[in-house]
Structures are given as C-alpha cells and as structure tokens.
Amino acid sequence: MVKPICVTCGTQFEESAAPPDRCPICEDERQFVGFDGQQWTTFEDLRGHHQVDIALQERSLTSFNIEPHFAIGQRAFLLQTSEGNILWDCLSMFDEATADHIRRRGGLHYICISHPHYYTSMVEWSRAFGNAPIYLHRDDAEWVMRRSPAIEFWSGETKRLLSGVKLVRCGGHFPGGTVLYWPTGAEGKGVLLSGDIIQVTPDRRHVGFMWSYPNWVPLGPQAAKRVAATVAPYNFDRIYGAFPKLTIAHGAKQAISESLKRHLHAMSE
Ligand SMILES: [Zn+2]
Ligand SMILES: [Zn+2]
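Because the structure is predicted, anything quoted here is derived from the model rather than measured. (Residues numbered from 1 in each chain as written. Chains lettered and ligands numbered in written order. Predicted model: local features only at pLDDT ≥ 70, side-chain atom pairs only at ≥ 80, totals over all residues. Heavy atoms only, no water.)

Student: Would you explain the coordination of the zinc ion (ligand 1) in this entry?
Tutor: Each angle at a metal carrying four tetrahedral donors should ideally be 109.5 degrees, and each at a metal carrying six octahedral donors should ideally be 90 or 180 degrees. Distances from the zinc ion (ligand 1) to its protein donors, namely Cys-6 (SG), Cys-9 (SG), Cys-23 (SG) and Cys-26 (SG), fall within the range 2.3 to 2.4 Å. Each of the four donor atoms bound to the zinc ion (ligand 1) contributes to angles spanning 101 to 118°, and the resulting shape is tetrahedral. Expressed as a motif, the donor residue spacing for the zinc ion (ligand 1) is C-x2-C-x13-C-x2-C. Residue Cys-6 is found in strand β1 (residues 5-6), and its partner Cys-23 is found in the loop between β1 and α1 (24-27); the two are separated by 17 residues along the sequence. A relative accessible area of 0% places Cys-6 in the buried class. (Donors = N, O, S within 2.8 Å, 3.2 Å for Na, K, Ca; no water. Tetrahedral: all angles 85-135°; square planar, octahedral: opposite > 155°, others 65-115°. Helix = DSSP H or I, 4+ residues; strand = E, 2+ residues; numbered from the N terminus. Buried < 20%, exposed > 50% of the residue type's maximum accessible area, 1.4 Å probe, protein only.)

Below, the structure is given as structure tokens:
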C-alpha cells in the first residue's frame, strides 16, 4: 500500500494498492500534467532526497520550503502567537529538523491553507502534531484528495483564529481562495500571508491577479477588483507571497492598489 504524491503538484492521495491513473489537480486548467506524463512519489521517498529549508522571516514568523525544488515550490509558514501556533500553507514533506523546530516552539494549534494547490501532505503534518485541525474553505472541498477527520471546512468570508489572526476569503484563483491576516506582524503595521491568492511578483513591488498562474490566464476585472476590495479594510504593510523571497517588505497596501490599476488598464487596452 502507498499514499502516492503527485510529482507535479505535490498533492498526497489516499492510501491505495497502486497510484491512481491521473491527478485531478494537475488535469485542471490551473495546473498542468508534467512534461513526462503523470508521475508519483511518496512522503518517505521525498525525505530521502530532499530537506526543508527553514528561514526566520521576522519575529514569530518562520518559512519552510523544500530543497532541492519539488513540485510547485511554495513556502509554508509557522506563525507563533501568544495564544498558539498556526501553520500557514503546507508542503509535501517535512523532515525531523522541521518537526523539532515546530515542537520546540510549542507545536501546531491550526493548519490553514490558502487553496488546493497547497493541500499537499496536510494530513501527515496534522498527524505529526497531535491531529491539529486543518481549516479549508468549504467552497474548495471537491479538491481534497486525502480525507481526514482533522479537516474542518469553514464557510463564509472570514474566520477568526488566535490573537486577532484571521482568515479572509478573497476568491479569484479558487472560489475559496483565502489569505491570512496577522495584525501585529511587521512591527505592528500588519502582515498578509497571501499564497497564490494575491501573488507577489519578482520585482517585490507588485502583485498579480491570475486565475491560472502556470497557464497565464488572468483574473477578469470584476474578480481582480473583488480580491483587492476584500483586503482593503485591513491595515497591513507587508505581504509574504507563496514563493521563497517573494515578499513585499513595505508599502504592500499601495502595491496592491497600483497593481490593480495596471491590471485593469492592461485588460481595457
Ligand atoms: Zn498533481
Ligand atoms: Zn495555485
């Protein structure tokens, strides 16, 4: 029996005698089937060939990403608050050093994931940390490939977690696409952890609003406006995007409004 992990998107599937023929997440237009066809690995095999890079981003916030690069290549974050710890987004594997790092800081109270591309091996993470509840937006429930009693679907527009930290549904890339708002981050100026929902671009001064990132399909004007309007009421100065080093360190609110302006301009040309 194996619990296969898709090599292209990093999603772990239910235990079975043999891997499935296809990965629905990769066959969806927001991803792609790998150039050499559908391939699978396992959590154990990944552990043999990869490690997790751990980087302190600011006080109380650490990032994790798999090295060498695997699948989509996103980072996950450990956010420590006075009331407990949150894992934001997720990875296909973790090693002992990662588990030690998290346990030494008090374990995980919640696992919260922006959208289905980062569901990855969420159930393995939950089990390793006392069956920590996994909060996923109900509107994306069809994309869960490995079920678990730890998964709790939430509905609506916001969900309060700990110490003022909040999940905010923006939609766009996925109907349940969620960002995490951390009001005391960035020295009290506020932080968004945005996954692919508000994508920090390589210049680290703008964001992109896309429906499919790998296949370059932008969000339409109404959806892009809705994403920007959803986060507009919150105070924040910094955004940590999905990928290593893609962080807007300051002026993130301005970056979103300028990026929306140019997005709408490009679409109206
Ligand atoms: Zn896949
Ligand atoms: Zn995505």
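Read on, since the account is not over.
Student: Just checking my understanding: could you explain the sheet that holds strand β18 (residues 238-241) for this structure?
Tutor: Strands sit in the order β10-β11-β12-β13-β18-β19 across an open sheet of six strands; the sheet is mixed. With one partner strand each, in any of the chains shown, β10 (158-160) and β19 (247-248) form the two edges of the open sheet. In the sheet, strand β12 (residues 178-182) pairs with strand β13 (residues 191-195) via three bridges, with the strands oriented antiparallel. Paired with Leu-180 across the bridge in β13 is Leu-193. Running over the sheet, helix α6 (residues 252-268) touches β13, β18 and β19 and is turned about 70° from β18. (Pairing = 2+ DSSP bridges. Contact = heavy atoms within 4.5 Å. Axes fitted to C-alpha atoms, helices over the stretch in contact; angles between N-to-C directions.)

Student: What is the right way to read the coordination of the zinc ion (ligand 2) from this model?
Tutor: Those protein atoms acting as donors to the zinc ion (ligand 2) are His-115 (NE2), His-117 (ND1), His-173 (NE2) and Asp-196 (OD), and they sit at 2.1 to 2.2 Å. Every donor counted, the four donor atoms about the zinc ion (ligand 2) form angles of 92 to 141° at the centre, which fits irregular coordination. For His-173, a relative accessible area of 0% corresponds to the buried category.

Student: In this structure, what is going on with the side chain of Arg-30? I would like to understand it.
Tutor: Mapping Arg-30 onto the fold places it in the loop between α1 and β2 (40-41). Separated by 3.0 Å, the side chain of Arg-30 and the backbone oxygen of His-173 make a polar contact. (Polar contact = N/O pair within 3.5 Å; in protein donor to acceptor, adjacent residues only side chain to side chain.)

Student: I tried to follow the pattern of salt bridges on my own but got confused; where do I start?
Tutor: Oppositely charged side chains can pair when the atoms bearing their charge come close. Enumeration over the complete set of coordinates arrives at eight salt bridges. A salt bridge links Arg-146 to Glu-124; the shortest N-O distance between them is 3.0 Å. Of this pair, Arg-146 sits in the loop between β8 (134-137) and β9 (151-154) while Glu-124 is found in helix α4 (residues 122-128), placing the two residues 22 residues apart along the sequence. For the pair Arg-146 and Glu-124, one class covers both residues: buried. For Arg-238, the salt bridge goes to Glu-187, with nearest N and O atoms at 3.6 Å. Residue Arg-238 is located in strand β18, and its partner Glu-187 is located in the loop between β12 and β13; the two are separated by 51 residues in the primary sequence. (Salt bridge = Lys/Arg side-chain N within 4 Å of Asp/Glu carboxyl O.)

Student: For this particular structure, what's the right way to read the nonpolar core?
Tutor: Soluble globular proteins: nonpolar side chains tend toward being buried together. Residues Phe-64, Ile-113, Met-122 and Trp-125 are the most contacted members of the largest nonpolar core, which totals 43 residues. In contact with Trp-125, other than residues within four places in its own chain, are Phe-64, Leu-87, Cys-90, Leu-91, Met-93, Phe-94, Thr-98, Ile-102 and Ile-111. The next biggest cluster of nonpolar side chains, apart from the first, holds 25 residues, and it includes Tyr-181, Val-200, Tyr-234 and Ile-256. (Core = buried A, V, L, I, M, F, W, Y, C linked by side-chain atoms within 4.5 Å.)

Student: Mind showing me how you'd approach α6 here?
Tutor: Owing to its 3.6 residues per turn, the α-helix brings residues three or four apart onto one side. Taking 1.5 Å per residue, 17 residues should reach 24 Å; α6 reaches 24 Å between its end C-alpha atoms and fits that length. Looking only at α6, the buried set comprises Ala-252, Ala-255, Ile-256, Ser-259, Leu-260 and His-263. The arc enclosing the buried residues of α6, seen along the axis, measures out at 130°, which places them on a common side. Those residues of α6 that are exposed and angled more than 90 degrees off the buried face are Lys-261 and Ser-268. Of the surrounding secondary structure, the elements contacted by the buried residues of α6 are β13, β15 (207-208), β17 (217-218), α5 (221-231), β18 and β19. (Expected span 1.5 Å × (residues − 1). Arc of directions from axis to C-beta.)

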